[in-house]
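Close look at the chain arrangement
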Amino acid sequence: MLKNKEIILGVTGGIAAYKTVELLRELSKRGANVHVVMTQNAQRFITPLTFQTLSGNPVLCDMFQLLEDSKIGHVALADSADLMVIAPATANILGKIANGIADDFVTTMVMATKVPVLFAPSMNVNMWESDIVQRNVERLKAHRYEFMDPAEGDLACGSVGKGRMADIEEIIEKIEDIFTTKDLTGQHVLITAGPTLEPIDPVRYITNRSTGRMGFALAKMARRRGAEVTLITGPHYLSVPRRDIPQIVVNDAREMHDAVAGCFDDCQIVIMAAAVADFRPQDVLEEKITKRKNGSYCLEMEKNPDILKELGEKKRNHILVGFAAETSELMEHAEVKLQEKKLDLIVANDVTQPGAGFGVDTNRVKILDAFGKVRTVPLLSKDEVAHIILDHVVKLVKKKEKDRPWPRNW
Ligand code: PMT
């Protein structure tokens, strides 16, 4: 997504400037060409040489510096960029820009550019919460400047609160978000992820190898494409995909069933990537099972509700997407599930393939639709697979919209 993008990285004078080095590296790793511009104060925290070495581009610090071809630096760069990021953004720089002051390279460039500008503020918690800073932030937001709000935690000044520059991963996510077409705006997508844990006794349970990665990738990408997303997940060890995705954590299949049923009426699209246990132990023992003299123990199982099948029965205008995790006869099994559960799409996942299925960051799938069309998706990152699945969902949304009887907008 960031390949060949021209990004201007404005660095201002805050202690978080050292983190901007990592941001630059992550942007370059993703193929962006980064041009760093610095204020005088930023150079007290970190040297231009560091940024120059890592970006491979001259670092611009002087307002009156001309580029090689004698063009005025801030104007030439501002014209050729795709995005400008100010990280860290101090209270001072926010105040200046919000009030139309352009007296250094960074502020003049913000005034001179027509491309999106993203601020990642970083300052003391009291400064961040002050009426003046908040008023400046609101004013800038009203002018369509983008913000990655600071995170909470220990601050360099010794206090604790909101003011740390957001994590680099979050800033990258926001940047990718800015470059993404919002083709799921107006849609509420319910996504399930992860395993279920079916208890046996107070210390044991039955589960599977799902980590939640595939479902989390779908949630992140759907949100990035403008959807409102609700994520219902089994227990997991992953970090939250985004701060703006509400997450409901459940333990077993019946809890997942109830959570999904509670959200179903409010959403238009459901994607079930969770590996829901088909069976659970019939009786959950109150005491820990002790060792048997004869060395064996028989566990009686009963069926869990088939959540997706129930949704298939009660869907109205919903789009339903299921997954089929298989170890043999992939397409045959997937097709049966597609029809039995009345799905619009099913993602057939041969979990015996190297790099595919449970616990890895990549996947290789086939996407089948209700008209018998099959799309083979090669081995890609789960983020990329998620995007391809969502491309198919968007096509279905557009088709439903087209087929809907008049009046369409009422
Ligand atoms: O989480 P990861 O480590 O990233 O792994 C990803 C994954 C392998 C779990 C994922 O890609 C995947 O294949 N998920 C579906 C796993 C599964 O349970 O498949 P299934 O064939 O057993 O179920 C078919 C569909 O019915 C699934 O959409 C499932 O969510 C749903 N189902 C299943 C059983 C049940 N009782 N209720 C359901 O709704």
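Parameters at a glance
- Residues numbered from 1 in each chain as written.
- Predicted model: local features only at pLDDT ≥ 70, side-chain atom pairs only at ≥ 80, totals over all residues.
- Heavy atoms only, no water.
- Pairing = 2+ DSSP bridges.
- Helix = DSSP H or I, 4+ residues; strand = E, 2+ residues; numbered from the N terminus.
- Axes fitted to C-alpha atoms, helices over the stretch in contact; angles between N-to-C directions.
- Contact = heavy atoms within 4.5 Å.
- Salt bridge = Lys/Arg side-chain N within 4 Å of Asp/Glu carboxyl O.
- Domains from an automatic or database assignment.
- Buried area = accessible area lost by both parts, 1.4 Å probe.
- Polar contact = N/O pair within 3.5 Å; in protein donor to acceptor, adjacent residues only side chain to side chain.

Let us look at the sheet that holds strand 16 (residues 319-326). Pairing is mixed in the open sheet, where eight strands are placed in the order 12-11-8-13-16-17-18-19. The open sheet terminates on both sides in strands that have one partner only, identified here as strand 12 (247-249) and strand 19 (374-381). Between one strand axis and the next, the sheet turns through 15 degrees on average, direction left out of account. Here strand 8 (residues 188-193) runs beside strand 11 (residues 228-233); their pairing, made up of six bridges, is parallel. Its bridge partner lying in strand 11, T192 is registered against I232. Those strands touched by helix 11 (residues 253-264) are strand 8, strand 11, strand 12, strand 13 (269-272) and strand 16, and its axis lies near 165 degrees from that of strand 11.

Applying the stated criterion across every chain yields a total of 27 salt bridges. Between E26 and R30 there is a salt bridge, with the nearest N and O atoms lying 2.7 Å from each other. Within this structure, E26, K29, R30, E173, E176, D177, K182, R223, R224, R242 and D244 form a network of salt bridges that share partners.

Moving on: the domain arrangement of the protein chain. Along its sequence, the protein chain is organised into domain 1 (6-178) and domain 2 (188-288 + 296-401). For domain 1 and domain 2, the distance between their C-alpha centres works out to 39 Å. Listed per partner, the contact involves nine residues of domain 1 and four residues of domain 2. Taken over both partners, the interface formed by domain 1 and domain 2 buries close to 550 Å², and the fraction arising from carbon and sulfur atoms is 25%. For the domain 1 face of the interface with domain 2, the top three residues by lost area are E170, E173 and D177, together amounting to 70%. For the pair domain 1 and domain 2, the number of links is five salt bridges. Measuring nitrogen to oxygen at the nearest pair gives 2.6 Å for the salt bridge that ties E170 to R243. Along the contact surface separating domain 1 from domain 2 lie six residue pairs in polar contact (both at pLDDT 80 or more). For the side of domain 1 that touches domain 2, the element with the most residues is helix 9 (residues 168-178), which contributes four residues.

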